[in-house]
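# Residue-level structural notes
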Amino acid sequence: PFNFEGGLYKLSEIWVDPPFQRPHPPIWFAGNDPQVTAWAARNGLSLAVGFQPDESLTNSTAAYWAETPPEGAPRQRVALMRYLYLAEDSDRAREEFIEHLMRVDAELRPLTGEPQARRDPLSREEAEAQYEEQITRQIVIAGDPEEAATAIAASLRSLRANVFLANIHFALLDDARIRRILRL
């Protein structure tokens, strides 16, 4: 049985059946808490971390790599997850992403139940501030392919991660832009 007590959740006597296939397919655990990432390593699971700044994830990946996987288990992988937005050049990526933030606010805010009179639509300045915050907090990597590759490589090195998982599906992003991101 598995027990866990954290700040938000408490689990007692949870049973997880082992996979039948031997060797079993890779099993990934997504989480950023150092205690839990260490547990994942001890149990031979690969780890996915992300959507927080590198400095917030360093303890989690260090705890993972400090543990010894079960005897006979291959060293697992650590994946970094980030939103990724690419364009032909960095200025275009920035401009398009800011416009996208304003569009999402205008189209989705009415669906959240937030009263329309509560605030004005997201201004250009507010969208620029949100963009800068998401870049600074490393929630999103945006720019041209070379700039993005440099940022990805730096984060992978700092976290000792060996896989990058890009999330390119932003709310309301049209198919043409998604295809362009994939092409770039």
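From a predicted model like this one, the values you see are computed outputs, not experimental measurements. (Residues numbered from 1 in each chain as written. Predicted model: local features only at pLDDT ≥ 70, side-chain atom pairs only at ≥ 80, totals over all residues. Heavy atoms only, no water.)

## Digging into the overall build of the chain
The secondary structure content of the chain amounts to six helices and seven strands. Taken from N to C terminus, the helices and strands of the chain fall in the order β-β-β-α-β-α-β-α-α-β-α-β-α. For the chain, the spread of C-alpha atoms along the three principal axes comes to 55 × 40 × 30 Å. Out of the 184 residues in the chain, the part that is buried amounts to 34%. Considering only contacts within the chain whose residues lie at least 6 apart along the sequence, 65% involve residues at least 24 apart. Summing over all exposed atoms, the chain offers an accessible surface of approximately 11300 Å²; the carbon and sulfur share of this is 54%. Within the chain, one finds 20 positive and 28 negative side-chain charges whose respective centroids are separated by 5 Å. (Helix = DSSP H or I, 4+ residues; strand = E, 2+ residues; numbered from the N terminus. Buried < 20%, exposed > 50% of the residue type's maximum accessible area, 1.4 Å probe, protein only. Contact = heavy atoms within 4.5 Å. Areas by Shrake-Rupley, 256 points an atom, 1.4 Å probe, with all protein chains shown as cover. Lys, Arg positive; Asp, Glu negative; His and termini not counted. Charge placed at Lys NZ, Arg CZ, Asp CG, Glu CD.)

## A closer look at the packing of helix H3 (residues 90-108) against helix H4 (residues 124-136)
It is at 9 Å that the axes of H3 and H4 come closest, and there the two elements cross at 115°. The two elements H3 and H4 meet at a crossing, and its hand is right-handed. Facing H3, whose interface residues are Arg94, Glu95, Phe97, Ile98, Glu99, Leu101 and Met102, H4 presents Arg124, Ala127, Glu128, Gln130, Tyr131, Glu132 and Gln134. Split by residue class, the contact of H3 with H4 holds six nonpolar, two polar and six charged. (Axes fitted to C-alpha atoms, helices over the stretch in contact; angles between N-to-C directions. Left-handed = near helix turned anticlockwise from the far one by under 90°. Nonpolar A, V, L, I, M, F, W, Y, C, P; charged D, E, K, R; others polar.)

## Let's talk about helix H6 (residues 175-183)
Taken together, the buried positions of H6 are occupied by Ile178, Arg180 and Ile181. The arc that holds the buried residues of H6, viewed along the axis, is 160°, so those residues lie on one side. Exposed and facing more than 90 degrees away from the buried side of H6 are Asp175, Arg179, Leu182 and Arg183. Taken together, the buried residues of H6 touch strand E5 (78-86) and H3. The N-terminus of H6 is capped by Asp174, whose side-chain oxygen sits 3.2 Å from the backbone nitrogen of Ala176. (Arc of directions from axis to C-beta. Polar contact = N/O pair within 3.5 Å; in protein donor to acceptor, adjacent residues only side chain to side chain.)

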